[in-house]
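One letter stands for each residue in the lines below.
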Amino acid sequence: MILVGDVTGKKCVLVDDMCDTGGTLCKAADMLMASGATEVHALVSHGVFSEPALDKISNSCLGEFIVTDTIPMDENQKLCAKLTVISVSSLLAESIKRTHCGESLSALFDHIP
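Throughout what follows, the structure given in this document is the object of discussion. (Residues numbered from 1 in each chain as written. Predicted model: local features only at pLDDT ≥ 70, side-chain atom pairs only at ≥ 80, totals over all residues. Heavy atoms only, no water.)

Structural notes on the overall build of the protein chain
What counts, and what does not: Helix and strand assignments come from DSSP, with helices taken as H or I runs of at least 4 residues and strands as E runs of at least 2, each series counted from the N terminus. We compute the radius of gyration over the C-alpha atoms and compare it with the globule rule, which gives 2.2 Å times the number of residues raised to the power 0.38. Accessible area is worked out with a 1.4 Å probe on protein chains only. A residue is then buried under 20% of its type maximum, exposed over 50%, and partly exposed in between. When checking whether two residues touch, look at their non-hydrogen atoms; a contact exists if any pair is within 4.5 Å. Note on areas: Shrake-Rupley, 1.4 Å probe, and residue coverage restricted to the protein chains presented here. Counted as positive: Lys and Arg. Counted as negative: Asp and Glu, with His and the chain ends omitted from the count. A charge is said to be at NZ when it belongs to Lys, at CZ for Arg, at CG for Asp and at CD for Glu.
Helix and strand counts for the protein chain come out as four helices and four strands. When the helices and strands of the protein chain are listed from N to C terminus, the series reads β-α-β-α-β-α-β-α. For 113 residues, the compact-globule formula gives about 13 Å, and the C-alpha radius of gyration of the protein chain, at 17 Å, lies well above that figure. By its C-alpha atoms, the protein chain is 50 × 35 × 20 Å across when sized along the principal axes. Here the protein chain holds 113 residues, and 30% of them are scored as buried. Considering only contacts within the protein chain whose residues lie at least 6 apart along the sequence, 50% involve residues at least 24 apart. As displayed, the protein chain offers around 7,000 Å² of accessible surface, 58% of which is attributable to carbon and sulfur atoms. Of the charged side chains in the protein chain, 8 are positive and 15 negative, and the gap between their average positions amounts to 4 Å.

Next comes the structure, spelled out in structure tokens:
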């Protein structure tokens, strides 16, 4: 893993499409903190969270870990206090409705329901 740029004194956000075991995100967070970052947070679209992901995240230097509810997160939130879950249900419902009715999806980029 290679860090490009200077993060000294910066608040950092790691963005990924999914998190399975959490190893890569936790390693990246460690690297950022060791390189002078003041905070590291993570945001992922899909939280698979295979064992031991939640333990790794709980014991990592990561601050908040934001994840969508494309996979149910109720149990995971109980097991990991760092998780913040954002619902995408209204966005998916509106996308399905617009597709069915032949309406524009690009409008969703300007206004998320």
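A short note on the pattern of salt bridges
Just so we agree on the cut-off: Should a side-chain nitrogen of Lys or Arg be within 4 Å of a carboxyl oxygen of Asp or Glu, the pair is scored as a salt bridge.
Per the stated rule, a full pass over the model turns up four salt bridges. The residue Glu94 makes a salt bridge to Arg98 at a minimum N-O spacing of 2.9 Å. Of the two residues, Glu94 and Arg98 both sit in helix α4 (residues 89–101), four residues apart, roughly one turn of that helix. Taking the relative accessible area as the measure of exposure, Glu94 reaches 18% and is therefore buried. Take Arg98: its relative accessible area is 17%, and that puts it in the buried class. Beyond isolated ion pairs, a larger network of salt bridges with shared partners links Glu94, Lys97, Arg98 and Glu103.

Re the sheet that holds strand β1 (residues 11–19)
In plain terms, the rule: Here, any two strands with at least 2 DSSP bridges between them count as paired. To obtain each axis, a line is fitted to C-alpha atoms, and for helices this fit is confined to the stretch in contact; angles are then taken between N-to-C directions over 0 to 180 degrees.
Read from one edge of the open sheet, four strands run β1-β2-β3-β4, paired in parallel fashion. Looking along the sheet, the strands with just one partner apiece sit at the ends: β1 and β4 (83–86). Here the average twist between neighbouring strands, direction ignored, is 20°.

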